[in-house]
Amino acid sequence: MTDTDLRPAPKVSFVSLGCPKALVDSERIITRLRAEGYELTRSHAGADVVIVNTCGFLDSAKQESLDAIGTAMNENGKVIVTGCMGAEPEQIAERFPNVLAITGPQAYESVLEKVHVAAPPAHDPFLDLVPPQGIKLTPRHYAYLKISEGCNNRCSFCIIPKLRGDLVSRPLAEVMREAEKLVNAGVKELLVISQDTSAYGIDLKYQESRWRDRDWRTKFIDLATALGELGVWVRMHYVYPYPHVDEVMPLMAEGKILPYLDIPFQHASASVLKAMRRPASQDKTLQRIRDWRAVCPDLTIRSTFITGFPGETEADFEELLAFLDEARIERAGCFTYEPVKGATANDLGLPPVPAEVAAIRHKRFMERQQQVSLRLQRAKVGKRLQVIIDEMGTTVAKGRSKADAPEIDGKVYVSTRRPLRPGDIVSVKIERAEAYDLHGVAG
Ligand code: SF4
């Protein structure tokens, strides 16, 4: 036994804020820290260093990030800041001149370097102690799979391309090796994420790479096909309705990947979408959705929308409500427009929508969406659905159907006489429906 083995493992407290994409960054940093012998602790007090992974997407998220840094400074004082807000270090340095370091998004290496200086590792990297899939913040039975960084689009309300740069895709074989490791480690559901999943591989000119003795293009359809070979649930997030998305519908209909698409439509009115500079503009969107459903009738569409975008008229808003019905948007989130600093939408010269009007529209949107959802949920009563279990209670387990992504969609409450474990996939007879949740019996 050497001297270094006798030293206690340095402790790191980690705060992860923001979207699932930021969570994947956190997981990567944590995986590495664990690999190097660090111990993760839940409290700032007593930790050798605190890392705050920030989110800078909306002003409210920035405030939350600044608050988290403030708490870490008060309770500990040795703080490293990373993530989206780290791309604008002045704001942080001004408020907290004593933070140890500020690094930008995707700067894993520099975060690790700073940690090494603040709290040197207890012993040499001992990679074999770490399970190959790494230490994850998400429950063991599902995992986020990040396929690319950055974005080539320039939506006028968004500053992500400024913060994260243009699209950089990971070659397909690299993504598949990570996915395989996760599945071998017990993951039953993979959630594919990126800023624009359907644009995957454009930057690499769909370059081929080898996985399982075959050459695959770094392309959305190849990725969906390859993931479909793993035998687990595969859920696609942040897809745009580009024509080539049609190609994945047969895979969904055959059960290779989940019949679920998360498409951030943001609006339905052509003039608002134009002002938003959205990719894959919508004139043919409704027809495209109808065609998808003709191939895959069980398709669930989740989306996010913004109400109160500058220039949005009552007629534009009515169009959006009608779209919810016609497109059967089963799951939807709605944000009231926030003029994010640095976004080009602020300079379009369009009349702002008064805050009260935007708030009322938000409420009307949610009411309408709830009606759409309830109608579709009720149609599931009496059917048998496959449900993946997230949590077991004494007689009722909490899970999700294929139509529900974790954390953002509804739940299925499953009465059961036998104990179920997280990650079990069971057949459930649905007995009752609410707007977002379902209730049923296993077996
Ligand atoms: S697609 Fe638009 S909203 Fe999404 S990250 Fe890119 S620029 Fe931002």
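Just so you know, these numbers come straight off a predicted model, no measurement behind them.

The rules behind each value
- Residues numbered from 1 in each chain as written.
- Predicted model: local features only at pLDDT ≥ 70, side-chain atom pairs only at ≥ 80, totals over all residues.
- Heavy atoms only, no water.
- Helix = DSSP H or I, 4+ residues; strand = E, 2+ residues; numbered from the N terminus.
- Rg over C-alpha atoms; globule rule 2.2 N^0.38 Å.
- Buried < 20%, exposed > 50% of the residue type's maximum accessible area, 1.4 Å probe, protein only.
- Contact = heavy atoms within 4.5 Å.
- Areas by Shrake-Rupley, 256 points an atom, 1.4 Å probe, with all protein chains shown as cover.
- Core = buried A, V, L, I, M, F, W, Y, C linked by side-chain atoms within 4.5 Å.
- Pairing = 2+ DSSP bridges.
- Axes fitted to C-alpha atoms, helices over the stretch in contact; angles between N-to-C directions.
- Near = heavy atom within 4 Å.
- Nonpolar A, V, L, I, M, F, W, Y, C, P; charged D, E, K, R; others polar.
- Phe/Tyr/Trp six-rings, centres within 6.5 Å; stacked < 30°, edge-to-face > 60°.
- Polar contact = N/O pair within 3.5 Å; in protein donor to acceptor, adjacent residues only side chain to side chain.
- Expected span 1.5 Å × (residues − 1).
- Parallel < 35°, antiparallel > 145°, perpendicular 65-115°, else oblique.
- Left-handed = near helix turned anticlockwise from the far one by under 90°.

Participant: Looking at this structure, how should I read the overall build of the protein?
Facilitator: Looking only at helices and strands, the protein has 13 helices and 20 strands in total. Relative to the 2.2 N^0.38 estimate, which gives 22 Å for 443 residues, the radius of gyration of the protein is 23 Å and therefore close to what a compact globule would have. When its C-alpha atoms are laid out on the principal axes, the protein stretches across 70 × 60 × 45 Å. The buried share of the protein, reckoned over its 443 residues, is 54%. Sequence-distant contacts in the protein: of pairs separated by 6 or more residues, those separated by 24 or more amount to 74%. Summed over its atoms, the accessible surface of the protein is roughly 19,800 Å², and 53% of this surface lies on carbon and sulfur atoms.

Participant: Explain the nonpolar core to me, please; I cannot follow it from the model alone.
Facilitator: Nonpolar side chains tend toward joint burial in soluble globular proteins. One finds L227, M236 and L261 to be the most contacted residues of the largest nonpolar core, which totals 57 residues. Counting residues per element, this core draws most heavily on helix α7 (residues 172-184), at seven residues. Residues in contact with M236, not counting those within four places in the same chain, are V192, T197, F220, A224, L227, I257, Y260, L261 and D262. I30, V49, A101 and A119 belong to the second largest nonpolar core, which has 16 residues in total.

Participant: I would appreciate a short explanation of the sheet that holds strand β16 (residues 384-392) in the present structure.
Facilitator: Strands belonging to one sheet form pairs held by backbone hydrogen bonds; the direction of such a pair is parallel or antiparallel. The five strands lie next to each other as β16-β17-β18-β20-β19, forming a closed barrel whose pairing is mixed. The mean angle between the axes of side-by-side strands here comes to 50°, regardless of whether they run parallel or antiparallel. Pairing analysis gives five bridges linking β16 to strand β19 (residues 425-433), with the strands arranged antiparallel. If you follow V387 over to β19, its bridge partner there is V426.

Participant: I'm lost on the site of the ligand in this one. Help?
Facilitator: Contacts to the ligand come from C151, N153, C155, F157, C158, I160, P161, Q195, Y240 and R278. Tallied by class, the residues present in the shell around the ligand amount to seven nonpolar, two polar and one charged.

Participant: Help me out: how do you make sense of the packing of aromatic side chains in this one?
Facilitator: Given two aromatic rings, their pairing is described by the distance between the two centres and the angle made by the two planes. In the structure shown here, the tally under the stated rule is eight aromatic pairs. Between F265 and F323, the aromatic rings sit 5.2 Å apart at their centres with planes inclined by 80°, giving edge-to-face as the arrangement. On the criterion of sequence distance, the pair formed by F265 in the loop between β13 (260-262) and α10 (270-276) and F323 in helix α12 (residues 314-326) is long-range, its members being 58 residues apart. F323 shares its class with F265; the two are buried. Between F305 and F323, the ring centres sit 6.4 Å apart and the planes meet at 70°, which makes this aromatic pair edge-to-face. One end of the pair, F305, is in strand β14 (residues 300-307); the other, F323, is in helix α12, and 18 residues separate them in sequence.

Participant: Explain unusual backbone geometry to me, please; I cannot follow it from the model alone.
Facilitator: One can expect most non-glycine residues to show negative phi and most peptide bonds to be in trans. Here Y206, not a glycine, exhibits a phi torsion of approximately 55°, which is positive. Mapped onto the fold, Y206 is located in the loop between β9 (189-193) and β10 (208-211). The exposure class assigned to Y206 is partly exposed, which follows from its relative accessible area of 30%. Despite not being glycine, Q266 shows a phi value in the positive range, around 70°. Exposure remark for Q266: the relative accessible area of 9% places this residue in the buried category.

Participant: How do you make sense of the pairing of β9 when you look at a structure like this?
Facilitator: Walk down a regular strand and you will see the side chains alternate between the two sheet faces. For β9, a buried count of five out of five residues is recorded, marking the element as mostly surrounded by other parts of the structure. Across the two faces of β9 the burial is the same, with E189, L191 and I193 and L190 and V192 all buried. Sheet topology places β9 next to strand β12 (residues 233-236); four bridges connect them, and they run parallel. Its bridge partner lying in β12, E189 is registered against W233.

Participant: Would you mind going over the side chain of T54 with me for this structure?
Facilitator: Structurally, T54 can be placed in strand β3 (residues 49-54). A polar atom in the side chain of T54 sits 3.1 Å from the backbone nitrogen of M85. Setting aside residues no more than four positions away along its own chain, T54 makes contact with L17, S65, I69, V81, T82, G83, C84, M85 and G86.

Participant: Any chance you could explain the sheet that holds β3 here in plain terms?
Facilitator: Read across the open sheet, the five strands follow the order β2-β1-β3-β4-β5; overall the sheet is parallel. Because the sheet does not close on itself, it has two edges, and the strands there are β2 (39-41) and β5 (101-102). Two strands pair when backbone bridges link them, and strand β4 (residues 79-83) and β5 are joined in this way by two bridges, in the parallel orientation. If you follow I80 over to β5, its bridge partner there is A101. In the packing of helix α3 (residues 59-75) onto the sheet, the strands contacted are β1 (11-16), β3 and β4, and the crossing angle to β3 comes to about 175°. Sheet strands in contact with helix α5 (residues 108-118) are β3, β4 and β5, and its direction is about 160° off that of β3.

Participant: What exactly am I supposed to notice about the environment of V99 here?
Facilitator: Along the polypeptide, V99 turns up in the loop between α4 (89-95) and β5. Counting along the chain gives 19 residues from V99 to I80, while the straight-line C-alpha distance between them is 6.3 Å. Apart from residues lying up to four places away in sequence, V99 is in contact with I69, M73, V79 and V81.

Participant: Even after reading the chapter, I still don't get α12, so can you show me in this structure?
Facilitator: Because an α-helix completes one turn every 3.6 residues, residues spaced three or four positions apart along the sequence face the same direction. Look at α12: 18 Å from first C-alpha to last across 13 residues, which is about the 18 Å you get at 1.5 Å a residue. Residues of α12 that are buried in the fold lie against α10, α11 (285-295), β14 and α13 (355-378). Following α12 by one or two positions, R328 has its phi on the positive side, about 50°.

Participant: What is the right way to look at the packing of α7 against helix α8 (residues 220-228) in this model?
Facilitator: When two helices pack together, their arrangement is captured by the angle between the axes and the distance separating the axes. Where α7 contacts α8, the two axes come as close as 11 Å, and the packing angle between them is 25°. Here α8 runs roughly parallel to α7, going by the angle between their axes. Our pair here, α7 against α8, has a crossing hand that is right-handed. Residues L172, V175, M176 and A179 of α7 touch α8, and the partners they reach there are D222, L223, A226 and L227.

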